[in-house]
Amino acid sequence: MARMKFLCDADRCIECNACVTACKNEHEVPWGINRRRVVTINDGLPGERSVSMACMHCTDAPCAQVCPVNCFYTTNDGVVLHNKDTCIGCGYCFYACPFGAPQYPKASNFGSRGKMDKCTYCSGGPEEDLSIAEYEKYGANRLAEGKLPLCAEMCSTKSLLAGDGDIIAEIYRERVVTRGYGSGAWGWKTAYGETINVSA
Amino acid sequence: MLIKRKNIQASGTGGALAQSFLGMGQRRLDRRSFLRRSGVAVGGLAAVSSLSGGLFQRAEAATPHNHAAPAERRKNMCTHCSVGCSVIAEVQNGVWVGQEPAFESPINRGSHCAKGASSRELVHGDRRLKYPMKKVGGDWVRITWEQAIDEIGAKMLEIREKSGADSVYMLGSAKFTNEASYLFRKFSAFWGTNNVDHQARICHSTTVAGVANTWGYGAQTNSYNDIRNAKTLIFMGSNAAEAHPVAMQHILSGKETQRANVFVLDPRMTRTAAHATEFVRIRPGTDIAVIWGMLWHIFENGWEDKDFIRKRVYGFDEAKAEIMKWNPAEVERVTGLTEEVVKRVAQTFATVKPATFIWCMGGTQHTVGTANVRAYCTLLLATGNVGDIGMGANIFRGHTNVQGATDMGLDVGNLPCYYGLAPAAWAHWCRVWDVPFSYIESRFDDVPAKQGREARTRAQNMEVSGIPSTRWFDAALLDADDVDQQDGIKAMVVFGHGANTIPRMKAAQNGMNALDLLVVADPHPTTFAALHTRTDNTYLLPICTNFECHGSRTASNRSLQWGEKVVEPIFESDNDYAVIYRLSQRLGFADEMFKTFEMVDGKFSKEPTAESILREVNRGGWSTGYTGQSPERLKAHMRNQDKFDIITLRAPKDDPEVGGDYYGLPWPCWGTPEMKHPGTHVLYNTNVPVAEGGGAFRPRFGLEREGVSLLAEDSWPVGSDIEDGYPEFTMALLQKLGWDSELTAEERAVIEKIGGGDPEKIAKVSWTLDLSGGIQRVAIAHGCVPFGNGKARVIAWNLPDPVPVHREPIYTPRPDLVAEYPTREDGRQLRMPNIGHTIQARAVEQKLFDQFPTVLTSGRLVEFEGGGEETRSNPWLAELQQDMFCEVNTKDAAAKGIKDGAWIWVYGPEENAKVRVKALVTDRVAPGVAFMPFHFAGWFMGEDQRGKYPQGTDPVVLGESVNAVTTYGYDPVTGMHEGKATLCRIEAAA
Amino acid sequence: MTLRFKLAALVLGATLGFSAPVMAQQPVNPTASSVQEQQLLDALKPGETISGRISIPDARAADLEKPSNKTWMGFNLGVSDRVMGVALVGTALALLVFFMVKGRLAIEAGRSGRTITRFNIFERTVHWTMATSFIVLALSGINVAVGRYIVMPWLGYEAFGSLTYLGKLAHNYLAWPFMLCVVITFVMWVRHNIPNRLDLRWLKEGGGLLVKGKHPPAKKFNAGQKIVFWGVVVGGGLVSASGLLLMFPWFLNSATDWQLAQIAHALIASGMMAMILGHIYIGTVGTEGALDAMTSGQVDVNWAEQHHSLWLEEELARGAVQRRGPGGEVTPAE
């Protein structure tokens, strides 16, 4: 079955942060929580590249493995989601995540971590699809509406791709062949154990 | 298929114990508690909740989007840069609850940048101005609209009585719709002043002047989409990745498919440069030297397009005299660039075609801005890179409607659609407005003789360009005798313009304090409300955003797009149309001014419909082809966005509604809407028939000079019945060609009426004055361009420096070059003295470079826009840039002991200016160069001014303004400020 | 232009040429010189992060990718859980074996009926406050580590989630009395716990277990108790410190710091739990009469003679022994 993935084509990314605010907009994500962010490597040097990063929805997700209360689950689309009712805000998923995806509001006792929040691949959570309760806990559920994550849909340069991993890998492969360069499918090796082979 | 719940064992063997734990302790995340945090974390929203009563509408931020219920989709455009991205708003119960990608738009194809993707927050409006306010004894007090309009009107009339109409400055906005821009220009005319301006002054005024003076029109020749066809691109002073992010979609896609050469010539290694195939670091203010250096190689090696030049360009023989001074040695001495680099860029640009040249404010915001622009055009003309797909001057404009507002004449020297200020132009618009010329004349001041300058009658004053927005405060502070009008500036009426995007903010602050009246009409209070220490006679009028009104806007590529009202204006805000109407009512000329419009009931008062305003523009905008874009056609385009090709921007010919049209009917869209001209995707393109969007260079500089013809030779748009150059079409020309018989009786009647029945005057009625459109129709039927078929020119004999000359910035890091390349002599332009030369000489004499050894330049951030009040008030954006900063090179920082993120002081060479900002230590800038973004305000020279905003309207993020330390310097043609090259000193702050 | 001016210009130009490496003229091709993810990954050492620049103030957000976070995951799931398991189960088993072999350590001389005050009410309150909070901390801690393997199947997913959340609340709140008690205990008893020669002998003689009827002398605390004391003070201190870092994550910068804090917390806590298991055994079933010290605070004199002979001598010298009269009333010693 298809596995949903993100792919940031860094040779297209211009750090415009549309993905970041699109996410804020779609899910009303509060100040201080960054489900998605853009990091620039080698800033200011020739060859700098910006990469948009969020939860990569890993295969064998480390967050799910370390969670003391097993609040994570993987959907049939390969999206890694979690149950905020069960989450205890321990932070383990953040320690295990290679991409810094889990975010915590400073809302629990002593201002320590509240319940974890992260990218849902715009597919809500365990509440009923498209219910108000789901929206208020997890944000919108675009997948249930037949849409893809808004960050990718609104990406200014079509750098951030979302969709079936095989299809977006093919798009990326074609791009690299057409243009003759590619800095890699950032995060894929770490998240999925394999990267995209481009024999250009 | 999606699994919603993990297969979880509902309860184990724990039985009763397990049951007792269920739902206990573990508080389920409360409804809205996730959402609610957004408010809490930002803080300071208490003001919103304390407001109540009256017509006040509560902020809608917490209203959740009910995805299970249907939402209405409304389409409008992003209100930030000029790319023109469509925004789809989902509305439930009158509240904008969601935003969807507009995949069907050929311009953005669903994409946005950070600003566009957060548009919805603009209409949540936590930090918006909620009702009219005024200052009473230094405190902000809520007042009613009636009181505000009444008091403002009374004060304006009082000032008019005492100091004349010209002493009220009308500062408009690039955020206006076309209709509001037009209305504001008309309002200024009916008030009786040419002191009307907007952000184009500080953005691309030099582009408009330079480009129009080269080949006819002051606009982007091609489009963002068309860049997909380019094989070579030069970005000079453009950081599209931050300023026009969605344009980068077309640029990077084109770069990939064409394997194009992308050169970025810039002082900074920008996010755009990161995607270049070659980055060339230049010293700020040396553009002309670099371009002439490139042309030196082009001419030296014969890479110029000789055929193109012969047929379509005038003046290279003369221009070469200046250009060929720039041999590689001199270029290297002045710019630091080696022969090899300059030659490589030049050769590629000249030989790997089509090539396009892209510039922005890095080119325009200089004392030599107009000359820079003409140098760029000269390079394009020399290489034959204008007038076809994949080429051209792709000038990326800054604001959502800066192109349209410029087109609508929000400019000190123009009437709508570039008619100028000549009597014939005024007469034309008086005909459109259905008022006698004498009525408008009576509204203007006569100007007494001052300091040896001649006096002006009212009619003469109508022809004199006003004061540029960069100098309003000088006009408020200088001795009235120095200002070439009845009196200095006494009142500012500011509709949608910040004060922090113009240099010399200390002077602006003094200027604000000196005014008798300050009116700020804006969704946010802006720096105009906070910078000064005024105690009274200061008004804030809450204007809604473009998402809260109908109207069209013109993107950088000249395409018009119709935006529909997404929601009703929130709080007590109202739209520009209504507010201008009420103000003109109070000032006593509403009946005359608004009689041509369809009036409807608005939120608080009558207001004209946007459609009827656009129809009036259609009736009068012949010179620029603003006549074919009827509201109906524009709305049809918005309905059929998906029909337009993303490269050609054209719809298939067989489409019933928009068949054959270019998207947004990019001007010129000739003739009446019924003529169905498709608009002009690429300007001056002779490879396409005029009826299909073709054209030629516009002969607007005379027919010959020194015995040499200025008309095109052996070049004409395909399908033209005249296979040669020809002048603009007039009734006389039609008669000469025998084509006048093709005019309909109605057209002829209109033309004869304009000519007053006098055959001589009728013969002079031209394509721009013919209100019937008949002359254009007949010319185009014969495959001819209504404006004629001329040559572009590389010598602008009517401008200072007819051939651009390198001139060092006023505050230059190379004082050794000033003797050879000084700024222009002092003079008077646009009613004001310009003493740049004196200041430059003094800076050299006082060795200011020793005290201020770092070059300071400025620019944009992707998250914010313009003065930034709107975007810094948007928490989704503000979170991403929370501190004003200064980019300092790593070596400079190490030498000064400055750490990344530490506080520093940046000192400017004028007015003891200093700003406290955070250091961003980076190699984006070269050693000896510093960069600051220009969107910040709310701190001034170390002082936090948050308390000066009305409560609850202070932007989330405040910071020092770069323009507190920028300095004197004005382009002699347009009054453009020097925003990109000055000097500063950087010190670590304690 | 005069020759002098030209020369000046030339010199200046040359100086600028040298002093401004900015204008270095090699073609700069940002596309071709683009950073490659694979190269960065190859160059990455264990524990290192691929980081860059980000405009938001949260410095952690600038970390793009850190594959070695999975190492922590491995440690957490493998080593840490196992250590805890071994520490707890192993200690428990060892004590069971010990009990079966040795049985209860009796008061050799039998109860005398005369008691002496060993711990006053304050000391006992501190001890039991610490003890109860520690037990809850330990249980909730164990639950977080391995509860999902052993508790969840039994309790069910949702109830287990609630229990764990309650546990986390308890853990966060009871940490405070625990830490307070650690501090008080240290101040209260440190003077009795300075190691000395006697401790060496006591240890050499195995606390009297090796040779029946022969008990090494000890003051108020014998070497075994001193070990527990220092274990509680040092272990408790470290577990508190690492716990505080986990409770207030904003003090630390990186996932690495938290990972280290978490590992330290888990390992130290495991050690402490093992030690405290032993302590509980000795203080209850393991030693006759020992529990009295922390319940009534009165220990039998014979018990004191057997385990803390020197302390008893000191106390007798101070005249602190109480005699239980025939009527059961407590009368002060002569």
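Residues numbered from 1 in each chain as written. Chains lettered and ligands numbered in written order. Predicted model: local features only at pLDDT ≥ 70, side-chain atom pairs only at ≥ 80, totals over all residues. Heavy atoms only, no water.

A word on the pairing of strand S18 (residues 560-563) of chain B
Residue and element names in this part refer to chain B. Selection rule: For every residue, the accessible area (1.4 Å probe, protein chains only) is compared with the maximum for its type, and the residue is labelled buried under 20%, exposed over 50%, or partly exposed between those bounds. Only DSSP runs of H or I covering at least 4 residues are called helices, and only runs of E covering at least 2 are called strands; the numbering of each starts at the N terminus. If DSSP finds at least two bridges between two strands, the strands pair.
Residues Leu560 and Trp562 point to one face of S18 and Gln561 and Gly563 to the other, with burial holding for every one of them. As paired strands, strand S17 (residues 551-554) and S18 are joined by four bridges and run antiparallel to one another. Opposite Ser552, over in S18, you have Trp562 as the bridge partner. In textbook terms, the turn of a hairpin is the stretch between consecutive antiparallel strands, and for S17 and S18 this stretch comprises five residues, one of which, Arg558, has a positive phi near 75°.

Topic: the pairing of strand S29 (residues 914-921) of chain B
As a general feature of sheets, a regular strand has side chains that alternate between the two faces. Residues and elements named next belong to chain B. In the sheet, strand S27 (residues 885-888) pairs with S29 via four bridges, with the strands oriented parallel. Bridging from a neighbouring strand, Glu887 pairs with Leu920 of S29. Both strand S28 (residues 903-907) and S29 contribute to a ladder of five bridges, which runs antiparallel. Bridging from a neighbouring strand, Trp905 pairs with Arg916 of S29. Connecting the antiparallel pair S28 and S29 is a turn made up of six residues, with Glu911 showing a positive phi of about 55°.

Description of the interface of chain A and chain B
Note: interface size is frequently given as the accessible area lost on complex formation between the parts. As a reminder, the rule being used: Two residues form a contact once any of their heavy atoms are found within 4.5 Å. Using a 1.4 Å probe, buried area is obtained as the accessible area two parts lose upon being combined, added over both of them. Think of a salt bridge as a Lys or Arg side-chain nitrogen and an Asp or Glu carboxyl oxygen that are within 4 Å of each other. Residues adjacent in sequence count toward polar contacts only when both atoms are side-chain atoms; beyond that, a polar contact is any pair of N or O atoms within 3.5 Å, and within protein one must be able to donate a hydrogen and the other to accept it.
Residue-level contacts link 75 residues of chain A with 69 residues of chain B. The junction of chain A with chain B conceals about 6,200 Å² of combined surface from both sides, 52% of it contributed by carbon and sulfur atoms. Among the residues of chain A in contact with chain B, A:Glu28, A:Trp31 and A:Glu136 are the three that bury the most area, contributing 14% of the side total. Summed over the shared surface of chain A and chain B, the number is 10 salt bridges. Between A:Arg179 and B:Glu256 there is a salt bridge whose closest N-O contact spans 2.8 Å. For the pair chain A and chain B, the interface holds 32 residue pairs in polar contact (both at pLDDT 80 or more).

What to know about empty space enclosed by the protein
In plain terms, the rule: In this analysis the probe radius is 1.4 Å and the grid spacing 1 Å, with only protein atoms considered; a cavity is a set of points the probe fits into but cannot get out of, a pocket is an open set with protein on both sides within 12 Å along at least five of seven lines, and lining residues have an atom within 4 Å of a point. Grid points are joined across faces, edges and corners, and a volume is the space filled by probe spheres set on the points. Basically, the charged four are Asp, Glu, Lys and Arg, the nonpolar ten are Ala, Val, Leu, Ile, Met, Phe, Trp, Tyr, Cys and Pro, and anything else, Gly included, counts as polar.
Within this model, the largest cavity holds a volume of roughly 740 Å³. Lining the largest cavity are 39 residues; nearest its centre among them are A:Tyr92, C:Gly141, C:His171, C:Leu246 and C:His265. Those elements giving two or more residues to the lining of the largest cavity turn out to be helix H3 (92-96) of chain A together with helix H3 (69-102), helix H4 (121-150), helix H6 (157-189), helix H8 (223-247) and helix H9 (255-286) of chain C. Residues belonging to the lining of the largest cavity are distributed by class as follows: 22 nonpolar, 13 polar and four charged. Computed from the structure, the second largest cavity encloses a volume of approximately 520 Å³. Considering the residues around the second largest cavity, the lining is formed by 40 residues, among which B:Lys175, B:Gln199, B:His399, B:Gly496 and B:His497 are closest to the centre. Sort the elements by how many residues they give to the lining of the second largest cavity and helix H34 (residues 869-872) of chain B lands first, with three residues. Partitioning the lining of the second largest cavity into residue classes produces 12 nonpolar, 21 polar and seven charged.

Re the pattern of salt bridges
Residue and element names in this part refer to chain B. In total, this model carries 88 salt bridges over all chains according to the counting rule given. Here Asp740 ties to Arg748 by a salt bridge, and the two come within 3.8 Å at their closest N and O atoms. The exposure class assigned to Arg748 is partly exposed, which follows from its relative accessible area of 26%.

Considerations on the UniProt feature "domain: 4Fe-4S Mo/W bis-MGD-type" (unreviewed entry) in chain B
Where we set the bar: UniProt positions are given in the numbering used here, feature names are shortened, and annotations may be inferred rather than shown by experiment.
When the UniProt feature table is mapped onto this chain, "domain: 4Fe-4S Mo/W bis-MGD-type" (unreviewed entry) is found at residues 71-127 of chain B. Secondary structure across residues 71-127 of chain B divides into 11% helix and 33% strand, with the first and last C-alpha atoms of the span separated by 26 Å.

Let's talk about the interface of chain A and chain C
Taken together, the contact between chain A and chain C spans 53 residues of the former and 53 residues of the latter. Taken together, the links from chain A to chain C amount to one salt bridge. Of the charged contacts, one joins A:Asp43 and C:Arg53 as a salt bridge, the two residues approaching to 2.8 Å between their closest N and O atoms. Applying the counting rule to chain A against chain C returns 23 residue pairs in polar contact (both at pLDDT 80 or more). When residues of the side of chain A that touches chain C are assigned to their parent elements, the largest contribution, five residues, is made by strand S2 (residues 36-41) of chain A. Residues that form the side of chain A that touches chain C fall into these classes: 27 nonpolar, 17 polar and nine charged.

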